[in-house]
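Examining the three-dimensional arrangement
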Amino acid sequence: MIRKNRLNRIYLIAFFLLSLGAITFFVLRALENNIDLYLTPTEVKAQQIQELEDFKLGGMVKENSVEMLEELNVSFVVTDFENEISVIYKGVLPNLFKENSGVVASGFLEENKFIAYEILAKHDENYMPVKLEVSD
Amino acid sequence: MATRIFLVLIMAILVLMIATFSLSLVEKEEIALIENQEGKSLNIVDDLYDIEGNQIPLESLLEGKVLLNVWASWCITCLVEHPFLKSITQSKDVKLIGINYKDQSFNAEKYLLENGDPYIFSIYDLSGEFSLKLGVTGAPETFLLIDGVIVSHRIGEVNMEIWNEKFAQYF
Amino acid sequence: MGSKLSYANFSVLLIACAYLAYQFLQDNFSFIYVFENSSNLLPVFYKFSAFWSAHEGSFLLMILFLSGSLAVNNLLFWEEKWIPISNATIAFILFFYLLFQIFTSNPFLTFDILPKNGTDLNPLLQDPLLAIHPPVLFAGYVFYAVTFSLVIAGLFRGFDKELFKNLKLWAGISWFTLTLAILLGSIWAYYELGWGGYWFWDPVENIVLLPWLAGTAFTHSLIYSRNKILLSWMVFLGISTFLLSILGSFIVRSGILNSVHSFASDPSRGIFLLSLFALFAFASLGLFFSKSVLLKSNWPELISKQYLLVLNNIVLVVILLIVFLGTLYPIVTEVFYNQKLSIGPDYFSSLITPLVFVLIALFLAEQFLGYLKSNQRNTLIISIIIASVFLFLFISELNPVTLGLIFVALALIILLLRALVEFFSTKDIKVMHKILGHLSVVLLTFSVLLNHEFSETIDVKLKPGDEIEFSGATLKLESINVEGQANFDSVVASFSVLESNLKKTLVSEKRVYKIGGVITAETGISSSLIKDYHVVLGDRYQDGSWSIRYSINYGIMMIWISSILLLFAMLYGTIRRHGY
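What you are looking at is a predicted structure, and each value in this text was computed from that prediction instead of being measured.

Moving on, we come to the overall build of chain B. The secondary structure content of chain B amounts to six helices and five strands. Secondary structure of chain B in N-to-C order comes out as α-α-β-α-β-α-β-α-β-β-α. Along the longest, intermediate and shortest principal axes, the C-alpha atoms of chain B span 80 × 35 × 30 Å. Pairs at least 24 apart in sequence give 73% of the contacts found in chain B among residues at least 6 apart. When the accessible surface of chain B is totalled, it reaches about 8,400 Å², and 56% of it is carbon and sulfur. Across chain B, the centroid of the 12 positively charged side chains sits 7 Å from that of the 24 negatively charged ones.

Here the focus is the sheet that holds strand β2 (residues 95-101) of chain B. Residues and elements named next belong to chain B. What the five strands build is an open sheet, ordered β3-β2-β1-β4-β5; its pairing is mixed. For this open sheet the edge positions go to β3 (122-125) and β5 (149-155), each flanked by a neighbour on one side alone. The average undirected angle you get between the axes of adjacent strands in this sheet is 20 degrees. Here six bridges tie strand β1 (residues 65-71) to strand β4 (residues 141-146), and the two strands are oriented antiparallel to one another. Directly across from Val-70, in β4, lies its bridge partner Glu-141.

With that out of the way, let us pick up the domain arrangement of chain B. Annotation of chain B at the domain level lists domain 1 (1-33) and domain 2 (59-170). On a C-alpha basis, the centres of domain 1 of chain B and domain 2 of chain B stand 44 Å from each other.

Between chain C and chain A, the residue contacts involve 60 residues of the former and 48 residues of the latter. Counting the surface lost from both chain C and chain A, the interface buries some 4,800 Å², and carbon and sulfur atoms represent 62% of this. Between chain C and chain A we count zero salt bridges in total. For the pair chain C and chain A, the interface holds five residue pairs in polar contact (both at pLDDT 80 or more). Of all the elements, helix α11 (residues 305-337) of chain C adds the most residues to the side of chain C that touches chain A, at eight residues. Residues belonging to the side of chain C that touches chain A are distributed by class as follows: 33 nonpolar, 16 polar and 11 charged.

As a further point, take the sheet that holds strand β9 (residues 524-527) of chain C. Residue and element names in this part refer to chain C. Taken in spatial order, the four strands of this open sheet run β3-β11-β10-β9, and their pairing is antiparallel. Because the sheet does not close on itself, it has two edges, and the strands there are β3 (456-462) and β9. For this sheet the average axis-to-axis angle between neighbouring strands, irrespective of direction, equals 15 degrees. Judged from the four bridges that link them, β9 and strand β10 (residues 531-540) form a sheet pairing that is antiparallel. When the sheet's bridge partners are listed, Ser-526 is paired in β10 with Tyr-533.

With that settled, the discussion passes to the interface of chain C and chain B. The partner chain B presents 26 residues to the 35 residues of chain C that form the contact. Of all residues in chain C, C:Phe282, C:Phe289 and C:Val335 bury the most surface against chain B, accounting for 21% of the area lost on that side. The interface formed by chain C and chain B contains zero salt bridges. One can count zero residue pairs in polar contact (both at pLDDT 80 or more) joining chain C with chain B.

In this description, a pair of aromatic rings is defined by centroid distance and the angle of the planes. All names here are of chain C. Taken as a whole, this structure holds 40 aromatic pairs over all chains when the rule is applied. Consider the rings of Phe-51 and Trp-52, whose centres lie 6.2 Å apart with planes at 65 degrees: the pair is edge-to-face. For the pair Phe-51 and Trp-52, a shared accessibility class is recorded, and that class is buried. Here the aromatic rings of Phe-92 and Phe-96 are separated by 5.0 Å at their centres, their planes lie at 75 degrees, and the arrangement is edge-to-face. In this pair, Phe-92 and Phe-96 are both assigned in helix α5 (residues 83-104), four residues apart and thus about one turn of the helix distant. Of the residues examined, Phe-92 reaches a relative accessible area of 37% and is grouped as partly exposed.

Reading the values: the criteria
- Residues numbered from 1 in each chain as written.
- Chains lettered and ligands numbered in written order.
- Predicted model: local features only at pLDDT ≥ 70, side-chain atom pairs only at ≥ 80, totals over all residues.
- Heavy atoms only, no water.
- Helix = DSSP H or I, 4+ residues; strand = E, 2+ residues; numbered from the N terminus.
- Contact = heavy atoms within 4.5 Å.
- Areas by Shrake-Rupley, 256 points an atom, 1.4 Å probe, with all protein chains shown as cover.
- Lys, Arg positive; Asp, Glu negative; His and termini not counted.
- Charge placed at Lys NZ, Arg CZ, Asp CG, Glu CD.
- Pairing = 2+ DSSP bridges.
- Axes fitted to C-alpha atoms, helices over the stretch in contact; angles between N-to-C directions.
- Domains from an automatic or database assignment.
- Buried area = accessible area lost by both parts, 1.4 Å probe.
- Salt bridge = Lys/Arg side-chain N within 4 Å of Asp/Glu carboxyl O.
- Polar contact = N/O pair within 3.5 Å; in protein donor to acceptor, adjacent residues only side chain to side chain.
- Nonpolar A, V, L, I, M, F, W, Y, C, P; charged D, E, K, R; others polar.
- Phe/Tyr/Trp six-rings, centres within 6.5 Å; stacked < 30°, edge-to-face > 60°.
- Buried < 20%, exposed > 50% of the residue type's maximum accessible area, 1.4 Å probe, protein only.

This is the structure:
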């Protein structure tokens, strides 16, 4: 009986190690394929991002920069109050998208413009602009 | 034996995790370092407008003692210091000018209507660009300018105690 | 005496909460928390729900729940021998939560002045579903603190039959509550956020999934550990579930992750919650290892129900690790390489989907366990045949999602037939909750795959009266009107969808809130069992046309229905053995 128990344990441990190896392999591969850089306009300017390379652009939509163009194209400017990048997107902007509020755009650079294929507006617990509380 | 290996493994993972999280918290805080702007002089390039959209003459900012107060209708601490600002304009000879920071104009007007308007006028700074050049990091902040030079800068609420410490000496 | 104290603790907290709620109902804006989250234009229901709309109030509510469960425990189980340790553990947690509340998130701070109006409740939260989502989520977290305390009690007093009964009860309640919270969040994301989906693999969502996965494994582990099989593993899962729920609140509140759902973050809260996590983690795991000698455990027999349950646990923990790594990896790269990253949803779906199939295969194997046991050689042959068939299909050009759909549909049919045969031959179904729960998980998987594979979206520009043909149905923008409400004005667009002579009307809305000028939109949705028509109103163009996002989403109703069935199964499985 003891022997059988031990055999079971060996099976289980072997199975466990084997699946651990397999999982690590698949996890690393999937991570490699699905990493998007998440950059602010300043970081985009600082790092030489290759054209057509996918990444996510995060920042605020600049005041008075949203323009409706032909054929559902929209252009706007994403800013982090230091640098800005103009973004072109074809499609309907999400409900929560508005000027002076956070946005995450997925896309790539082409001729210094960011061509977005997905726009997600951040939704916030407090929708007021961020305030810095200083207590000194 | 197996238990001991498991123990070491789990504890090591935990320590690593907690260390990483602490590091991520530390780096967050460094960004929030705030600079005091005292000693710098005011340098205005763009045209300025008040909340109603009237252009502001630059001389009004550059001549004499000017108290610049950054406020917004969404800012709660501003509401707290508001009564003190009103009392200071009544008791002292001070030119109080507001900077309405990242605010909607109709909200700003309503705020002044409801809580009183101690400002001679308020510079309308929707984008925050003017404030950024001034070195503002949030609202409220208060600057004392003498002939266009920042002599005193308060980040945060102004009350009687702060007033005595930072501003009273100039009056 | 102890039980009386726990009632007193609960009553005092209840009074504190009632006092805060009263300030909300009275529009007392001299309370900073009320000022920030309410306004006098707000409907009464939302004035009340504004209580837990931000961090301070929701944490207070969570403490109230924890204290409430402590009181309930004392009321029902005062005679049990585990109660002193459980009480001490909960009191310990309660103490640190209260410290956290008082020093970093006090909702009772006031102004010296009385503002005339508040800054209004976030319009996104002005939705009945989201009004109840946070309390349910917190309740789920809190109930796992109770299971944690029972597990700790077991470490000291030994795991007897009574303790297992109560562990099962609390584990079931927490599991049910957390599942309900996740479902409510999903429903809200689909109907209110208007992103067209119900799950985005966003860090904040994943963080809630972590304790849920651990809790799922934990609930299953209770079944075999009662027979002293891998008891220490069950204890470890119980502890992890609780630790993951604290870790979740730390990560959400410290704002160290880039998420599309952002919350007010405050470094001091982050530091406090991290220290709390460290304290509980080291204390409970230290205790676990020092007592592990007591938890003498056996390994289950090969090809037995217990063995399958252990396999199920392993798969669930692997899924947990995948989500954990994918969610926290960006933090690691940011700290060590100063590189901000985000992990795409494909990472999660590509890794987790096959594992879900493995789970379904395990349910199926469990159904035919008797047969498998008696014919071990046949079992091996059958599984090799099945594996090679799938390998062959996988290598062939067949779309893997279609393959998955076929597999899940087969599993669904087999499970259903098994249940029906059992019902008609014995006029009764043994362990009904298990069959129903597993059936609904299979149905859920099927619907998710269906949704993933067939849903379509198009962005168009329409004027009132215009029509567009898409995917076999005609969408027409009937009219656009402007309406006024108490605290918002809205643009209301009516659409009609015509498919094979069946006409459906959809109303999509865009609201402008009077305080703060915030704009939100209500999505127009017309649902049937198989597919949803989903319309989001975009922006107005100069020529009077509007941009519109029009989607046809498959299987959404089935996702909700199967989740609700799952909830029923969980609830029934939890309470069936208890008179209360």
